[in-house]
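Residue-level structural notes
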Amino acid sequence: MMNSKELPLRRLLEFRNAWIAWLILAVVISVTFLLWQVSIHLVEDRTQARFRSQSLQLKTAIEERLLNYEQVLAGSAGLFAVAGEVSREEWREYVERVDIDRYYPGIQGIGFVRRIGVRQMADHIASVRAGGVHNYLVSPLGTGPYYYPMVYLEPGTERNRRALGYDAFSDPIHRRAMEVARDDAVPTVTGKVVLVQEELAEDQASFLMYYPVYQGGKVPEIRAERRMMLAGYVFSAFRMNNLIDGIVGLISPFLDVRIYDNGVIERDALMYGSNLGSLDNDFSFQMSQTLNAGGREWLLQTRSTPAFDFLASDPRPPIVLGSGLFISVLMFLFVLMLIRSRLMAQIGAGRYRAITEGAANVTLVMDRAGQALYASPSSLDILGYEPARLQAQALDALVHGDDWPKLQQGFEDAVAAPGAQVPVIRARIRDANGQWRDMEGTFTAMLNVPGVNGVVLSLRDLTQLKAAQSELHRLAFYDPLTGLANRQLFRDRLNHVVRRSRRSGEPAALMFLDLDGFKRINDTLGHDAGDELLCKVAEWLEGCVREEDSVARLGGDEFVVLLSRISGPEAAGKVAETILHRLCQRVRLNDHEVGITVSIGITMMPHDSEDSGTLMKYADLAMYQAKELGRNTYQFFTPAMNIKAARRLLQQEELATALEGDRFVLHYQPKVDLVTERVIGVEAFLRWHHPEKGLVSAQQFIGLAEETGLILRLGEMALRQACIQVQALERAGFEALKMAVNLSVRQLTDPGFLDMIRQVITETGVSPERLELEMPAELLNEDPRALRELLVALHDLGVCLILDDFGTGSCSLVALQQLPLDVIKIDHRFIRDIPYNVSATDVASAVIALARKLHLTVVAEGVETPQQLSFLKSSGCAQCQGNLFSYPLDEDALIGFLIRQYEKPLIS
């Protein structure tokens, strides 16, 4: 019987012996951990469900309370509609019957604001003082022509009496809410304010809700009439803490609740805070909801608190974890005992141990004379020899003559040191095919080990390893398509050249190259053709530089060239000219002949910079400058380019911020029918409300928006706002007007454009026949098949399709016949020179005649003089727009213009 010393615990626990036990332990612990996580998630899900339920109930309760308060105001306004005039006593009696202290907590008072003309001010003050308010004054006094003082405010507490006479319309926050309530005839809530009647120490957030009262008691249908017929407002003043504390305490006493005005999470916008959260701002759950109150959005933010988490805690996850770990240890010990029994039975199998130690290698067991006693089965897979055949051969006949002495010395060293493993020896071994294979091996003398009784040689094949290392090196440092250096290898080479140039002062140059129009080739001819072109370009570039220079592909159609030693910028320019000449040619790809050019940016080292990253950036900037100058050219970097790039990045950030902040508006320029001399539609122009520059036209930022991709969001916003304006014009009585919206090529070629158009039309409810889409003339340069499919789909929706800027660029007459266009617009540059430029006059006449032949409507834009208008009339132009009729107008100015236009002829 074998004692425990022959199988120590450390050996028993080794992974090769007890891997099953370790595997079972790992599996059981994994299952335990999984069940523990599931139990945690179940508890968290239940807690989160409770948190979400309380948050939703809180939102519903607040909205219901505010809705009740809106109904109170509506009833108060109805009092004026029934009685006409309401005295102070009648108002006090009405508010007492409402009993706001009992039924409407949070209301500080219900009052009435009267609209007073400047000429009525003296009589008004005298009347109110005669009614018992002896120190009544209207403040602050502005310039008129109307004032809106608080005349009644009940209950008549000392605090509320301070607000009497206050002209709330003088405050911008009150005024915005009062104007919306007046124009839309709905209860409207102000932004965050501090009530006039507050003490200095009681500056809690408050708001007011206004409801308009019109003369005669009825709500006029037209906005202009509402403004004229306004008699005043009934209003309620609210203190947020008084309003919300009771709801929070009843529904969610252990949640941290915050309410922000206008959805902005800022300290100044905080309307209410329960202040129950953790001092470290630590919470488990958070939920943000939008509250709609009187036309204003509040952000309701709820967070869990330590008290909430404590009440929701559950002991089951620790129990699951502890039980699972205990069971895991028991199973591990049980399996370990079974393994120990098996190992004790196999401990004497020395030959099995020797073979298994080299199962992945070629293992030979030799006697003291070096004659092979055993060869492992792996010799057939690695060397191609059957084990018996390898065992019969002399070892020196298989080893390369130059390597045999090292192998023989290793054998002798192993015999001299039994049990020790000699250092690794590398040798070339001939396989069954006569090929030399690189191998490494080591000897271990086990002459006295039962079952082995020999010297074990374990040989490892390095052939596949070296091939794999070579392939990994190629994949890591070379572009798999072109075989050029990749970004990582090129960066190392650039760093080396930069260091040498810094030490010696010897100039070097970095070129950044980008193929012009590669994306179009890739999209039209396919990626295989694009890959073929890239390989040709790589071959041409290597032929344009010296052996010591480097060419690399960074990705896509971007290449870089590193001129490691060069005399100066003139030499770099000559290399750039050589590259331009070599690459500017026509290539046949997929039975199509295409022309390619390249734009090159050059930066010099160490003059421009001694930092590799900065040099790459400068070369990139210079390349973009070359593209802006017309492409197929090269440009050296200048400091002005860096300033321009920084300014462009700042503009991009400003543009994105403006889009998030909803700082874009539409202005509308009327479009006139020259036969009826009436406005038949408007064109929407996008404007940016810049905080410093004021109103910025689209020409100043639309190019940047297209480059950055923001044009997609801007375009959708403009289209949606234009559709909403169409609905507003219909409600104002202008049912026949059409709305034209400008589109860019980037928008029209976006895959989701058609779905976006359909979604906006559906959501806004606009009639497609009222919508006109203006497309730039360069759209005709896109893929004809895809363009026709897009325009046919738009035409089927019922929208009007307009080709803008006609006469510029390459406008195909075939496209005009085949595409479902309805209108063409003559570019304003031709209209500008009429009638003084004969060429422009002839072009305009020809365009009008051509369009009429094709049954297309012609619109002339940019009409500014009567002479231009007279010429266009005589030439048969159908419609015009321009500053002669009207500049682009905002929404209110447009309504006024249309009203005046329908009252008298537009053109005299």
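Source: prediction; values computed, not measured.

1. With respect to the overall build of the protein chain
A count of helical and extended segments in the protein chain gives 33 helices and 31 strands. Along the first, second and third principal axes, the C-alpha set of the protein chain runs to 130 × 85 × 55 Å. In the protein chain, which comprises 908 residues, the share counted as buried stands at 45%. Once local pairs closer than 6 in sequence are excluded, the contacts in the protein chain between residues at least 24 apart make up 65%. Surface summary for the protein chain: the accessible area is close to 46,700 Å², and the carbon and sulfur share equals 53%.

2. Some remarks on the layout of surface pockets
In this structure, the second largest pocket spans a volume of roughly 810 Å³. Taken together, 27 residues line the second largest pocket, and the ones lying closest to its centre are Arg223, Ala732, Glu891, Asp892 and Ile895. Contributions of two or more residues to the lining of the second largest pocket are made by α7 (172–184), α8 (223–229), β23 (664–673), α25 (711–731) and α33 (891–903). Of the residues forming the lining of the second largest pocket, the biggest block, 6 residues, is contributed by α8. Residues of the lining of the second largest pocket, tallied by class, amount to 12 nonpolar, 4 polar and 11 charged.

3. Some remarks on helix α32 (residues 866–875)
Residues of α32 that are buried include every one of Gln868, Leu869, Phe871, Leu872 and Ser875, and no others. Down the axis of α32, the smallest arc covering the buried residues is 165°, so these residues share one side. Structural note: α32 exposes Pro866 and Ser874 on the side pointing more than 90 degrees away from its buried face. Residues of α32 that are buried in the fold lie against α30 (828–832), α31 (838–853), β30 (857–861) and β31 (879–881). At the exit of α32 stands Gly876, carrying a positive phi of roughly 90°.

4. As for the packing of aromatic side chains
Summed over the entire model, instances satisfying the criterion amount to 20 aromatic pairs. Centroid distance Trp91 to Tyr152: 6.1 Å. Interplanar angle 35°. Geometry classified as tilted. Residue Trp91 is found in helix α3 (residues 88–98), and its partner Tyr152 is found in strand β4 (residues 150–154); the two are separated by 61 residues along the sequence. Residue Tyr152 is classed as buried on the basis of its relative accessible area, which comes to 7%.

5. Details of the sheet that holds strand β6 (residues 206–214)
Strand order across the open sheet formed by 5 strands is β4-β1-β7-β6-β5, with antiparallel pairing between neighbours. In this open sheet, the two strands that pair with only one neighbour each are β4 and β5 (188–189). Alignment of β6 against strand β7 (residues 230–239), held across 9 bridges, turns out to be antiparallel. Residue Leu208 lies in a different strand from β7, and its bridge partner there is Ala237. Contacting β1 (107–114), β6 and β7, helix α2 (residues 15–83) runs over the sheet at an angle of about 35° to β6. Across the sheet, α7 is in contact with β1, β5, β6 and β7; its angle to β6 comes to roughly 35°.

6. Let's talk about the packing of helix α20 (residues 527–544) against helix α21 (residues 569–583)
To characterise two packed helices, one gives the angle between the axes of the helices and the distance between these axes. Contact geometry for α20 and α21: axes closest at 10 Å, N-to-C directions at 145°. Of the two elements, α20 crosses α21, and the hand of that crossing is right-handed. Seen from α20, the contacting residues are Val537, Trp540, Leu541 and Cys544; seen from α21, they are Val575, Thr578, Ile579, Arg582 and Leu583. Looking at the contact of α20 with α21 residue by residue, the classes come out as 7 nonpolar, 1 polar and 1 charged.

7. Points about unusual backbone geometry
Here the residue pair Ser139 and Pro140 is connected by a cis peptide bond, since its omega of -5° sits within 30 degrees of zero. A cis amide bond links Glu154 with the next residue in sequence, Pro155, at an omega value of 5°. Following the sequence through the fold, Pro155 ends up in the loop between β4 and α6 (158–161). A positive phi is found at Asn262, a non-glycine position, where the angle reads about 60°.

8. Regarding the confidence of the model for the protein chain
The share of residues in the protein chain with pLDDT of 70 or more is 91%, and the mean pLDDT across the chain is 82. Predicted confidence is poor over residues 1–5, with pLDDT under 50, and the contacts of this stretch with residues over four places away or in other chains come to 4 contacts. Counted against residues more than four places away or in other chains, residues 348–358, with its pLDDT under 50, gives 17 contacts.

9. Side note on the sheet that holds strand β8 (residues 255–261)
Strands sit in the order β9-β8-β11-β10 across an open sheet of 4 strands; the sheet is antiparallel. Pairing within the sheet leaves two strands with one partner each, and these edge strands are β9 (270–273) and β10 (286–293). Averaged over neighbouring strand pairs, the angle between their axes works out to 20° when direction is ignored. With 3 bridges joining them, β8 and β9 adopt antiparallel strand pairing. Residue pairing across strands places Arg258 opposite Gly273, the latter belonging to β9. Of the strands in this sheet, β8, β10 and β11 (296–304) are in contact with α2, which crosses β10 at around 15°.

10. Concerning the environment of Ile831
Relative to the elements of secondary structure, Ile831 occurs in helix α30. Along the backbone, Ile831 and Thr841 are 10 residues apart, and their C-alpha atoms lie at a distance of 7.8 Å. Non-local contacts of Ile831, meaning those with residues more than four positions away in its chain, are made with Ile826, Ala860, Glu861, Gly862, Val863, Gln868 and Leu872.

11. Looking at the nonpolar core
Ranked by internal contacts, the top residues of the largest apolar core, which has 81 residues, are Phe664 and Leu794. Beyond its immediate stretch of four places on either side in the chain, Phe664 contacts Leu655, Ala658, Leu659, Leu686, Arg687, Trp688, Phe701, Leu714, Met717 and Gln721. With 77 residues, the next largest nonpolar core counts Ile107, Met178, Tyr211 and Val213 among its residues.

About the cut-offs
- Residues numbered from 1 in each chain as written.
- Predicted model: local features only at pLDDT ≥ 70, side-chain atom pairs only at ≥ 80, totals over all residues.
- Heavy atoms only, no water.
- Helix = DSSP H or I, 4+ residues; strand = E, 2+ residues; numbered from the N terminus.
- Buried < 20%, exposed > 50% of the residue type's maximum accessible area, 1.4 Å probe, protein only.
- Contact = heavy atoms within 4.5 Å.
- Areas by Shrake-Rupley, 256 points an atom, 1.4 Å probe, with all protein chains shown as cover.
- 1 Å grid on protein atoms, 1.4 Å probe; cavity = no way out; pocket = protein on both sides within 12 Å on 5 of 7 lines; lining within 4 Å.
- Points joined across faces, edges and corners; volume = space filled by probe spheres on them.
- Nonpolar A, V, L, I, M, F, W, Y, C, P; charged D, E, K, R; others polar.
- Arc of directions from axis to C-beta.
- Phe/Tyr/Trp six-rings, centres within 6.5 Å; stacked < 30°, edge-to-face > 60°.
- Pairing = 2+ DSSP bridges.
- Axes fitted to C-alpha atoms, helices over the stretch in contact; angles between N-to-C directions.
- Left-handed = near helix turned anticlockwise from the far one by under 90°.
- pLDDT = per-residue confidence, 0-100.
- Core = buried A, V, L, I, M, F, W, Y, C linked by side-chain atoms within 4.5 Å.

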